Each structure stands twice: as C-alpha cells, then as structure tokens.
Amino acid sequence: MRSGLALEVAAARGAGGRSDDVLAQRRQLAHSQEMSSEPAAPPPEELLLRAGRWETARDELRQRLADRPDGPAFEGLAQALWWLDDGTGCLEAREDAYRFYRDAGQDPEAGRAASALAYDSLLFGEGETVARGWMTRAEQLLSAIPERAGHGWLALRRGELGLATQGDPALAQQEADRACAIGRRVNDRNLMYAGMALSGLAQTTAGRPDSGLRELDAAVAAATTGEVDDLMWMGKIFCWLIIACQQTHDLSRADEWCRRVEAVCERRHLDPLFTVCRIQHSSVLIERGTWRQAESTLAAVLDRVEPSRRHTRLDAVVQLGELRRRQGRFAEAEELLMQAEFDPSAIVSLALVRLARDEADVAWAEIRQVLARTPTANRLQRARFLLPAVQAALAAGERGAAQQAADELRETAALVGNTPTLGLAAAAAATLAPPAESVSAWRDAVRSFRESALPFDEAESRLGLADALLQCDDVGAAEEQVSKAWTLLEGLGAQGMLTDADRLRRQIASVRGTPHALLSEREREVLRCVADGQTDQQIAKALTLSPHTVHRHVAHILIKVGQPTRAAAVAHALKHDLL
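Please read all numbers here as calculations on a predicted model, not as lab measurements.

A. Just the overall build of the chain, in detail. Helices and strands together make up the secondary structure of the chain, namely 31 helices and zero strands. Overall, the C-alpha framework of the chain stretches about 100 × 50 × 40 Å when taken along its three principal axes. A buried classification covers 53% of the 579 residues belonging to the chain. The contacts of the chain with a sequence gap of at least 6 include a subset with a gap of at least 24, amounting to 57%. If you sum the accessible surface of the chain, you get close to 25600 Å²; carbon and sulfur atoms cover 50% of it. Side-chain charges of the chain comprise 69 positive and 82 negative groups, with the mean position of each set lying 1 Å from the other.

And the structure:
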C-alpha cells in the first residue's frame, strides 16, 4: 500500500509535474553546490537526525515532503521512523524513496534504497522472500554502474542477510571483505568499519575468535571515537561485538559492553538499540545465574516492544522461555518457546523441555532438524546445540548420532580453545562414557564451568559426576557433589534440577541405609525451628534468612519426607531421628 506522501507525489505528477523536471532541478542544485567555494551546509533535518532528535526530525521531514517531495527526505523520514520503531511507516518511506529515485532515473540511489528495504523487510516481519526480492532488485540496479559506496553497502547487506537467515559465515566474510575494500577505495569510513565489524563477527562465528575479535575491537574503537557517525551502523557494530562475546562465552566482556552501550542509548535516545542490548544483556545474566535481574529486564522489554513489528520481541520471548526451562517451569517455557517456533534456539530449548518429560524421540527429531539446517561452517552456533544433541540422541537410542555430535563438539573446542566450549565438550564425552571412565571427564566439565562462572552448567555437571561416582560406589564423593550442586541450584531457583538432585540424595540415603542424607544441614536447622513452633518470619530472623527462603526450605522438606503438613513433617522427623 502506498503512503499518503507517495499519493501526493503521484497527484502532483498528474497535475503536470514531470519526473524529468524534478531531475533537472536536482542536477542544477548539485551543479550550483559544486561551483560554490564552500560546501553546502547540511539541511536542518539532517542535523536533527545526527543529534538523534527523531520525533522532531520526523515532523520536519514530513513538512518538507508535503512542500516538495524528494528522495533524501524520504530516506531521512525512514531513518527517523526506524529509530521510533514505526516499522510500517519506515517501510513505506523507504518504498517512497525507491520510487522517487526510479522515477528520476537515479539508479544508484534507487539501489541503495532497495538494499535498505531488503534488511528492514526482514527486520519488520515481511519475511525472507520479500527481503531477497529487494536484494535482487538492488543488485540489478547497481550491476551496470561503476563502483561507488552503494556497491559496498549492498555487499554488507547481503552478508548480513546471509548470516541472519542462512547462518552462513563464509558468505558474510566474503561480502564483508568486499564492503571493507570498497569503503577504503571510496573513502567511506562508515562502510569500511561496518565491513570490518561484520568480518569480525563472521570469523568468530566460524570458530576463529582470536582474529574475529581483533577486527571487532578495531571497529568498535572507531565507533566509540566518532569515526562512525551513522548511528544505525554504530549500533550494529556494538551489537555484533556483544554477540561475538556471547558466542565465545566471554560473559564479563559482554556484560561490560552491554552496560556501556545501554548508557550510550539512553543518552542519545536510541530506543530500538537499547531494547536489543537489554535482551543481549539478559542472556548474559541468565548464563551467569543472575536470574531475578534477567527476569525483570525481559518483562520490561516485552512490555515495551508489545506493539513492535521487529523480530526483537521474539528474541526476548526465547530468552524468557529458556529461563523458564532452567527454572523447571516447563509449562510456561513451552508456551513461550512455541511463539518462536522457527527460531533454532527456541527449538532446541523446547526439545530440552521434551527431554525432561521423557519424550526423547521427539526431542532428538527436533534437534536433528536444527543441526541439518545449520551450516557446519557456523561452528559456534552449532556448538550451542551439540551437547543437547548428544543428550537427546543417546536417550532416543541413537548412540552413533550422539557420538558424532560429541566428536564435532570436541573438534570445535580444540579449534576455539576457550574454557566454556571445552567444558561443553567434556560434558558431552562424559555423557557417553561408562561410569568409571566418565568421572575424569565430568570433573573437567565441572572445572571449566566453574572457571567460566556458569553456575547452572556447573551444577548440571556436578550431578552427572555424582551419578557416576555413585555407580562406582564412591558414596562419600557422590554425596559431596550433590551437596555442592544443591547449593548452586537452590541459589538459582532451579526447581526442575533440584528434583534430579533430590533423586540422587535419596539413592545415596538408600545406599547408606539412613534417612539423614535426605536433608541438608540447613534444612535440618529449619526443621528444628519448625518443631519449636516458630513462624517463617521468626525462623528467618533466627537463621538470618529471608522469609521467602525459609518458605522454600520448608516446601523442600515436605517433599523430601513425603509429608503433607509441617506437623506431620516434624512427627516424621522425630520418629526417624532426623533432628
């Protein structure tokens, strides 16, 4: 559907306005500027855009277009609406710019508008087919024109689209290098540094983080010192660095950059970038075990982006769904993850929910499809899916497929060499090994995750280690690992995995022939207070805990001793000498 401004342009032409007249006027203006001894000052609307005054710029540009429509004003309006998260208005303004340039015979500018439409169509939910259609149109328009910056921007968009839709780092690398080279030749610093940043992300994704992060560091340094003055591309460079940090599990660095970029966004009113950065920050918080902060951040983001057409909302939904899975709130996790049914991360998270419900065949089928659609060159994205693949394939009786996934993860870990990926590879190897042989691999996994400050993964590996030790009749060591895992999981609020820990505790108690192992020392302290008739508030004060923590301890005690009430739990404890 054409916007009102486009209809006004058409009406003006119907009343006698001609596109060649417009073109002649623009050429005359350009010639006058070239003959001037001083460069023309930028229009006030452009100064507003540079300052990030989006609403004022939008209003001024709409007035300018009502007086005299032209392509740069349409593009400026699209930029303002992009930052105001008006997806419909942004796409309409970009289409108007494209039509204006085509009518004026300005193919390079039309190609630029088409390439911008390609990515924004994907961003605002028009779909991959529409995006590729605009990309093809841009290629057609620029193919017969001597090299200029537009060819570099087209290459950059092509690489960005290839990485986003196909997960193809080789294509992204190739196009980023082309964009970088063109940027140097035509002296376009925005293009050069954006190309460098995309190249860095492509290299990192392909499993070459050392060289990739070096290029990203250089691009970010340029962006932070003002050499990149296009706010959108400055934002993309920041985001690509954070994504690379997340891929390599460099969470401290990702956390630092998220905070710095959030500060820039608030200062310069870059709301969409602020939202994206907060989602990325939430994923870091989830990995690091700061779940309450992650949950509140994601809830705020979802409230903020509810009316948005951007894919950003689904990214937030996927993160919240993964958090719910880790918390053991499987019904809520499933409901959230189903909203992003085609997102690879959502599919794998949902498959892990299925696996927790003993639906191994379904879980393995879903993960297998994700791996089939993820190029083998995309090493770090595949690395995130390979341990779940090992777990699901083994549970489904597909040991050969599980071994193949573990072998690939081991190769990626050897190539990348960072501690968290080595931990994933060790956990995969331990999952497949017999108990006696798995103990060493589980210890390696525990050590790697502990060093990387990944408490959920550490707790999960400690439970795997405890199970292996118990099968090797090393009951004392198994009990120690369960206790350490329990402390981690209780601090996180990971109720689902606490159930697994409780199962191991019961097995240990059965081997020892005593019920004491069922309760931790802290739980016995709480139960003694309950036996004395104290309320949750009184117990909290006596043990220096929060009432919420006391309530949770009491709930766990009732589950463990299999009693419905506090009084029944106390009677059971006295009978079995638990106090």
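B. Representation of the packing of helix α16 (residues 291-305) against helix α17 (residues 312-327). At a minimum axis separation of 10 Å, α16 and α17 run at an interaxial angle of 150 degrees. Classified by the angle their axes make, α16 and α17 are roughly antiparallel. Here α16 runs over α17; the crossing is left-handed. Contacts between α16 and α17 involve W291, E295, L298, V301, L302 and V305 on the former and, on the latter, R313, A316, V317, Q319, L320, L323, R324, R326 and Q327. Here the contact of α16 with α17 is composed, by residue class, of nine nonpolar, two polar and four charged.

C. Representation of the packing of aromatic side chains. All told, the structure shown has eight aromatic pairs when counted by the stated rule. On the numbers, 6.2 Å between centres and 80 degrees between planes, the contact of F100 with Y101 is edge-to-face. For F100, a relative accessible area of 5% puts it in the buried group. Exposure remark for Y101: the relative accessible area of 1% places this residue in the buried category. Through pairs of rings, three or more aromatic residues link up here, namely W54, W82 and W83. Above the face of the W257 ring, R260 is positioned so that its terminal group lies 4.1 Å from the ring centre.

D. Region of the structure containing helix α15 (residues 271-288). Here α15 is 18 residues long and its end C-alpha atoms lie 25 Å apart, about the 26 Å a rise of 1.5 Å per residue gives. The buried fraction of α15 is high, at 14 of 18 residues. In the stretch just after α15, G289 is the one whose phi turns positive, near 90 degrees.

E. Structural view of the environment of G226. Position of G226 relative to the elements: it lies in the loop between α12 (209-224) and α13 (231-247). Note: C-alpha distance between G226 and R310 (84 residues apart in sequence) is 28 Å.

F. Expanded view of the pattern of salt bridges. Applying the stated rule across the entire model yields 39 salt bridges. Across the pair R260 and E256 runs a salt bridge, and its minimum N-O distance is 3.6 Å. With a gap of four residues between them, R260 and E256 both fall in helix α14 (residues 251-268), about one helical turn apart. Note on R260: relative accessible area 40%, which makes it partly exposed. We note a salt bridge from E332 to R324, for which the minimum N-O separation is 3.2 Å. For R324, a relative accessible area of 8% corresponds to the buried category.

G. Just the confidence of the model for the chain, in detail. For the chain, per-residue confidence averages 88 on the pLDDT scale, and residues scoring 70 or more make up 92% of the total. Overall, residues 1-37 carries pLDDT values under 50, and its contacts beyond four positions in sequence, including any with other chains, amount to 30 contacts.

H. Examining unusual backbone geometry more closely. Phi is positive for H249, close to 60 degrees, though the residue is something other than glycine. If you check the backbone angles, D473 has positive phi at about 65 degrees while not being a glycine. Looking at the element boundaries, D473 is found in the loop between α25 (455-471) and α26 (475-492). Residue classification places D473 among the exposed positions, given a relative accessible area of 65%.

I. Representation of the packing of helix α8 (residues 128-142) against helix α9 (residues 149-166). Look at α8 against α9: their axes get within 11 Å of each other, and the N-to-C directions meet at 155 degrees. Taken together, the axis directions place α8 and α9 in an arrangement best described as roughly antiparallel. Here the hand of the crossing between α8 and α9 comes out left-handed. Each of E128, A131, R132, M135, A138, E139 and L142 in α8 lies in contact with α9, whose residues at this interface are G150, H151, L154, R157, R158, L161, T165 and Q166. In terms of residue class, the contact of α8 with α9 is made up of six nonpolar, four polar and five charged.

J. Representation of the side chain of N418. With respect to the element layout, N418 can be found in the loop between α22 (399-416) and α23 (419-432). Here T421 takes part through its side chain, which lies 2.6 Å from a polar atom of the side chain of N418.

K. Seen up close, the environment of D536. Structurally, D536 can be placed in helix α29 (residues 536-543). D536 sits in the buried class, given a relative accessible area of 13%. Sequence separation between D536 and H553 is 17 residues, and the spatial gap between their C-alpha atoms is 10 Å. In this structure D536 touches V550, H551, V554 and R566, once residues within four positions along its chain are discounted. A polar atom in the side chain of D536 sits 2.6 Å from the side chain of R566.

Procedures and definitions
- Residues numbered from 1 in each chain as written.
- Predicted model: local features only at pLDDT ≥ 70, side-chain atom pairs only at ≥ 80, totals over all residues.
- Heavy atoms only, no water.
- Helix = DSSP H or I, 4+ residues; strand = E, 2+ residues; numbered from the N terminus.
- Buried < 20%, exposed > 50% of the residue type's maximum accessible area, 1.4 Å probe, protein only.
- Contact = heavy atoms within 4.5 Å.
- Areas by Shrake-Rupley, 256 points an atom, 1.4 Å probe, with all protein chains shown as cover.
- Lys, Arg positive; Asp, Glu negative; His and termini not counted.
- Charge placed at Lys NZ, Arg CZ, Asp CG, Glu CD.
- Axes fitted to C-alpha atoms, helices over the stretch in contact; angles between N-to-C directions.
- Parallel < 35°, antiparallel > 145°, perpendicular 65-115°, else oblique.
- Left-handed = near helix turned anticlockwise from the far one by under 90°.
- Nonpolar A, V, L, I, M, F, W, Y, C, P; charged D, E, K, R; others polar.
- Phe/Tyr/Trp six-rings, centres within 6.5 Å; stacked < 30°, edge-to-face > 60°.
- Lys NZ or Arg CZ within 6 Å of the ring centre and 35° of its normal.
- Expected span 1.5 Å × (residues − 1).
- Salt bridge = Lys/Arg side-chain N within 4 Å of Asp/Glu carboxyl O.
- pLDDT = per-residue confidence, 0-100.
- Polar contact = N/O pair within 3.5 Å; in protein donor to acceptor, adjacent residues only side chain to side chain.

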